[in-house]
Amino acid sequence: MAKNFLTAENFAKLESVIEAHKDMQGPLMPVLHEAQHIFGAIPMAVQKVISEKLNVPLAEIYGVVTFYSQFTLEPKGDFLISVCLGTACYVKGSQKLIDKITELTGVSVGTTSADGKFSLEATRCIGACGLAPVMTVNDDVYGRLVVEDVPGIIAKYQG
Amino acid sequence: MKNVTITINGNQYAVPSDLTVLEAARTVGIDIPTLCFLKDINEVGACRVCVVEVEGARALQASCVLPVREGMVVKTNNQRVRNARKTTVELILANHNRECTTCVRSKNCELQSVSEELGIRDIRYTGAKREGKYDNFSHSIVRDSSKCILCGRCVSACKNVQGIGILDFVNRGFETTVGPAFEVSMKDAPCIYCGQCMVVCPVGALTEKPAIDKVWDALEDPKKHVIVQSAPAVRAALGEEFGYPIGTNVTGKLASALRNLGFDKIFDTNWAADVTIMEEGTELLGRLQNGGKLPMITSCSPGWVRFIEFNYPDLLDHLSSCKSPQNMFGALAKSYYAEKNNIDPKDIFVVSVMPCTSKKSEIERPELAVEGVRDVDVSITTRELARMIKEARMEFDKLEDGTFDPFMGDYSGAGVIFGATGGVMEAAIRTVADVLTGEDLENVDYTAVRGVEGIKEATVNIAGKDIKVAVAHNTKNAAIILDKIRAGEADYHFVEIMACPGGCVNGGGQPIQPASVRNVIDIRAERAKALYSEDAALTVRKSHKNPEIKRLYDEYLGEPNSHKAHDLLHTHYYAREKYPVQD
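Residues numbered from 1 in each chain as written. Chains lettered and ligands numbered in written order. Predicted model: local features only at pLDDT ≥ 70, side-chain atom pairs only at ≥ 80, totals over all residues. Heavy atoms only, no water.

Quick word on the overall build of chain B
The helix and strand inventory of chain B stands at 19 helices and 20 strands. Rg of the C-alpha trace for chain B: 25 Å, near the compact-globule value of 25 Å for 583 residues, within the 12% margin. Dimensions of chain B, computed from C-alpha atoms along their principal axes, come out at roughly 75 × 60 × 55 Å. Looking at chain B as a whole, 60% of its 583 residues are labelled buried. Across chain B, every contact between residues at least 6 apart in sequence was considered, and the portion connecting residues at least 24 apart equals 73%. Carbon and sulfur atoms make up 48% of the accessible area of chain B, which totals about 23,200 Å². Taking the 69 positively charged and 78 negatively charged side chains of chain B as two groups, their mean positions are separated by 6 Å. (Helix = DSSP H or I, 4+ residues; strand = E, 2+ residues; numbered from the N terminus. Rg over C-alpha atoms; globule rule 2.2 N^0.38 Å. Buried < 20%, exposed > 50% of the residue type's maximum accessible area, 1.4 Å probe, protein only. Contact = heavy atoms within 4.5 Å. Areas by Shrake-Rupley, 256 points an atom, 1.4 Å probe, with all protein chains shown as cover. Lys, Arg positive; Asp, Glu negative; His and termini not counted. Charge placed at Lys NZ, Arg CZ, Asp CG, Glu CD.)

Below you can see the structure in the form of structure tokens.
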């Protein structure tokens, strides 16, 4: 991972979040939410701090992090590419979009590129079936796509 | 307690209002099958094997977590209930590695039992199976998730009983497994290897790392002089593997079985327990007289030692420097015994039979060797010894009562009770009291430190001096004592801590009793009785009165805590980091 997200500044933020929550009942979930927000992920180094300060076993924290899909162990790339695999998008060929993205960026579904630029995920229906097949890159939405559109979109973010 | 009236299978019963439906049914002789349920440890209603039909409720209810209430009408055995139970168990079996014929838990498996009891003859489901993970990298524990049924007993035993929490549920839905954080090996987790997860596991998902083959190989090797030592708690439980009631003392048959297996010498860790008392008692007197670090805490239990190394490294100087009896025995077998019998220590092979799975890792600690020769070569559990006896086709119940060999097999009653919580403390007080008073005190029963209460405290007045002691068993209780010490609120002089609930008699290497037994019998207390009754029957009940101990010091070690004793019998500890982060 090229980006250093485990900065002293982020850990200082985490400490104050833990401090604010540690005396409440069930502090783990709110602290994890904040941690995900601060670091963009909750890797072992972050979980260990939470485990020690909240006195919750690391295995329990790891269990919660792996249970909820909103929590991640590794940070997402700068650009999160989400391709809808809902029914409408799927029958309109969104799998082919995924294959092309993987071919161009080297990133397979659920992973992040080595340079930290792109992450790729397959999503369920995002409610834009009229635009099927749909993909998003961060907050940008692209609809009614064909495979030939993909290289141009990727190029915009490759910079 | 108020009673309520409930109807079970058409008959009315008055039952105490604080029972669950499962308990109420059992009190009136109606058995409801269970699988995940384990009294006081895992009462979560996860597996749905104990479902019953309750009038007015739409779905079937898990009886293990369903409180009784006035007027409740329950059916435990109609077609709907039987079918639901069968379907549930079939689904569990469909995702279970069913290599029962080669599984170490075959014939002592609660999944196998419930499947047989429910009459399952076919598994209709042939869908995907969760990918299993097999981890045998530690010296103590083998984790095979292909057999795990996600009952959660190990999670609870580790987190709630022991207060550690190495294992937990990971992932979600069909991908759910039970394992350590970040799915590291048990070798790399801050696990103390107490094995309490294994003795509650209903199946073969958590088992000891087997070492029997190394023992058979050594016994076949004509160049090796193979010595066996058996820990105090082994005799209190081995009989269970051969159908004896829990709490039967089988010392005599144990000695005969070991002899039949072909060991060159049959010795007893009890003897080494007596040595431990001499060394540890002297260390305590030294600390009391010279202003040493107090309280001093025992160091016999390797699970406990790992616990403090991982969790309270700042308190390590409270630990006695004494090696555990297992390793004292090994060190003396390869020095004292070797010298007296003119045997090269390198040719001596020491096997220990222990109620413990952490002992398997303890013997691998790098510092537990003298001049490159390991103190102990192989450590097997009580369960593994039972397997060897079965493999050797011995009829255990027909064995004559034998005796251990003299020299390192003679022991006092003090050595015997090491296997129960409070035993080391009592044994130590017996000797320390004689030393401080200069008398041979008649009363040796210090009952205040006996029993299965989590933390016991007592003040013993010896020769006009008050000695404050505490005894804790299981690491959750240990942590309470350590927190007090850390906060400067503990004024104890001496503390005994054992990692396992009840002490070694309930160690992770002991015979596994199913929930059906554990729900109704306190196996900790029953097994402890077997040790206290042997102690009471012995004429020598103080370690320092054991003639073989006197001989050891007269002819070899000199004084307790002598230079030689320190070289052979004392050790040191390390602060260990939990989950070191790798970059």
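Description of the domain arrangement of chain B
Many structure descriptions define interface size as the accessible area lost when the parts assemble. Annotation of chain B at the domain level lists domain 1 (3–92), domain 2 (130–208) and domain 3 (212–569). The gap between the C-alpha centroids of domain 1 of chain B and domain 3 of chain B is 43 Å. (Domains from an automatic or database assignment.)

Focus: the interface of chain B and chain A
Contact residues are listed per partner, giving 20 residues for chain B and 15 residues for chain A. Of the roughly 1,400 Å² buried where chain B meets chain A, counting both sides, 66% is carbon and sulfur surface. At the surface where chain B touches chain A, the tally comes to two salt bridges. In this structure, the salt-bridge partner of Lys159(B) is Glu60(A), at a minimum N-O distance of 3.0 Å. Taken together, the links from chain B to chain A amount to seven residue pairs in polar contact (both at pLDDT 80 or more). (Buried area = accessible area lost by both parts, 1.4 Å probe. Salt bridge = Lys/Arg side-chain N within 4 Å of Asp/Glu carboxyl O. Polar contact = N/O pair within 3.5 Å; in protein donor to acceptor, adjacent residues only side chain to side chain.)

Regarding the pairing of strand S8 (residues 167–170) of chain B
Put simply, side chains in a regular strand alternate between the two faces of the sheet. Residue and element names in this part refer to chain B. Alignment of S8 against strand S9 (residues 177–180), held across four bridges, turns out to be antiparallel. Across the sheet, the residue bridging to Asp168 is Gly179, located in S9. The hairpin formed by S8 and S9 contains six residues between the paired strands, and Asn171 there has a positive phi angle of roughly 65°. (Pairing = 2+ DSSP bridges.)

Considerations on the side chain of Gln36(A)
Residues and elements named next belong to chain A. Along the chain, Gln36 falls in helix H2 (residues 28–39). A polar side-chain atom of Gln36 sits 2.9 Å from the main-chain amide nitrogen of Thr72. With residues up to four places along the chain from it excluded, the contact list for Gln36 reads Ala41, Ile42, Gln70, Phe71 and Thr72.

With respect to the environment of Pro355(B)
By the secondary structure assignment, Pro355(B) is in the loop between strand S14 (348–354) and helix H11 (358–362). Separated by 31 residues in sequence, Pro355(B) and Ala386(B) have C-alpha atoms that sit 12 Å apart.

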